[in-house]
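# Coordinates in review
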Amino acid sequence: MKTRIAGVAVLVAGSVITSGALATTALAATAPAKPSVAAVGGYVMNNGTGSSLYTKAADTRRSTGSTTKIMTAKVVLAQKNLNLDSKVTIQKAYSDYIVKNTASSARLIVGDKVTVRQLLYGLMLPSGCDAAYALADKFGSGSTRSARVKSFIGKMNKSATDMGLKNTHFDSFDGIGKGANYSTPRDLTKIASSAMKSSTFRSVVKTKSTKQKVTTKSGGYRNMSWSNTNSLLGTYSGTIGVKTGSGPEAGYCLVFAATRSGKTVIGTVLKSSSVSARTSDAKKLMDYGFKK
């Protein structure tokens, strides 16, 4: 057995291994294996540094389903002089929209007065398209509901443009698009990361369930109970959000985030094969992200 440390070679049992090869071998032994996921697109980044940790068709445009509502909330929370306690009267148009589209609902009652903060919970936990409609109607500009909704969607697109996102476009306030509602795993992750800078957004998306007291048309009160569709909350240690989505074209989507030992990983899977698969995909990708 002959060893020469000062030189570049080490002779062990008749084999010569260069120091570079040793380093590569050691690195390969410690590097985590890239996970296999059911989703057709995925992306994970270190939320603190913005560095990419995992990519799979990360820049391919796809339908996003209700993960669109992350931008809906972001636009609302970016409004100047926002009063989260201001009340919005629930209109029949919102419930009619739910029925027409067989859409996910916060079960808002026509005539009830619901605060903006409560609408954000109704938007992000049960994925209420009625709550999304109410927020778009409230924060868009124009003399008609249709004009206000169009204006609000314009704000969503302006926000994406301002962020430099070239593969994102919205034609709806909730993800029930008309053929031009799309984003990518990378872009959606960046939108979520930006939204998470808001303490209100963080508080909402980490909530597993909530009971909210709203004012009825007659001036009384009723309790609304909402549960979060994100099953990672309570099942994956450190989960802090973010939002599920699904649809005929979108498949099963999930934007996710978790913090462990001071490190936050955030990411997206698009078009997974089932509810359970998107959850499994997210767990695999967060495990991988934390090891990187």
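Our structure's up above, just so we're on the same page.
I will try to describe carefully the structure that is included in this document. Quick caveat, the model's predicted, so the values are computed rather than measured.

Okay, helix α3 (residues 92-101) next. Considered for burial, the residues of α3 that qualify are Tyr94, Tyr97 and Ile98. The buried side chains of α3 occupy one side of the element, clustering within an arc of 100° when seen end-on. More than 90 degrees from the buried face of α3, the exposed residues found are Lys92, Val99 and Lys100. Against β7 (87-89), α5 (129-139) and α6 (145-162) lie the buried residues of α3. Positive phi shows up at Thr102, right after α3, with a value of about 45°.

Right, let's talk about the packing of helix α4 (residues 116-124) against α5 for a bit. Interaxial distance between α4 and α5 falls to 8 Å at its minimum, and their mutual angle equals 140°. On the basis of their axis angle, the class for α4 and α5 is oblique. Seen from above, α4 lies across α5 with left-handed handedness. Contacts between α4 and α5 involve Val116, Leu119, Leu120, Gly122 and Leu123 on the former and, on the latter, Ala131, Ala132, Ala134, Leu135, Lys138 and Phe139. A class-by-class count of the residues in the contact of α4 with α5 yields 9 nonpolar, 1 polar and 1 charged.

Ranked by size, the top nonpolar core spans 59 residues in total, and within it Ile70, Leu119, Met124 and Phe201 carry the most contacts. Per-element tally for this core: the top contributor is α5, with 8 residues. Those residues in contact with Phe201 that lie beyond four places of it in its chain are Ile70, Ala73, Leu77, Met124, Ala195, Met196 and Val242. Among the nonpolar cores identified, the runner-up in size contains 17 residues, and Ala39, Val265, Met286 and Phe290 belong to it.

So, on to the side chain of Thr216. Mapped onto the fold, Thr216 is located in the loop between β10 (209-215) and β11 (221-227). Other than its neighbours up to four places away in sequence, Thr216 contacts Gly111, Asp112, Tyr221 and Arg222.

So, on to unusual backbone geometry. What you tend to see is this: most non-glycine residues have negative phi, and most peptide bonds are trans. Here the bond from Gly241 into Val242 is cis, since omega is 20°, no more than 30 degrees from zero. Topologically, Val242 is positioned in strand β12 (residues 239-247). Not every positive phi belongs to a glycine, and Ala57 is a case in point at roughly 45°. Its location among the elements puts Ala57 in the loop between β5 (52-56) and β6 (62-63).

Here we take up the sheet that holds strand β14 (residues 263-272). Strand order in the open sheet made by the 5 strands is β5-β4-β14-β13-β12, with antiparallel pairing throughout. The sheet terminates laterally at β5 and β12, the two strands that pair on one side only. Strand-to-strand twist in this sheet, taken as the mean axis angle between neighbours without regard to direction, amounts to 5°. Pairing between strand β4 (residues 41-46) and β14: 6 bridges, direction antiparallel. Residue pairing for β14: Gly41 is matched across the bridge by Leu270.

About the cut-offs
Residues numbered from 1 in each chain as written. Predicted model: local features only at pLDDT ≥ 70, side-chain atom pairs only at ≥ 80, totals over all residues. Heavy atoms only, no water. Buried < 20%, exposed > 50% of the residue type's maximum accessible area, 1.4 Å probe, protein only. Helix = DSSP H or I, 4+ residues; strand = E, 2+ residues; numbered from the N terminus. Arc of directions from axis to C-beta. Contact = heavy atoms within 4.5 Å. Axes fitted to C-alpha atoms, helices over the stretch in contact; angles between N-to-C directions. Parallel < 35°, antiparallel > 145°, perpendicular 65-115°, else oblique. Left-handed = near helix turned anticlockwise from the far one by under 90°. Nonpolar A, V, L, I, M, F, W, Y, C, P; charged D, E, K, R; others polar. Core = buried A, V, L, I, M, F, W, Y, C linked by side-chain atoms within 4.5 Å. Pairing = 2+ DSSP bridges.

Keep in mind these values describe shape, not function.
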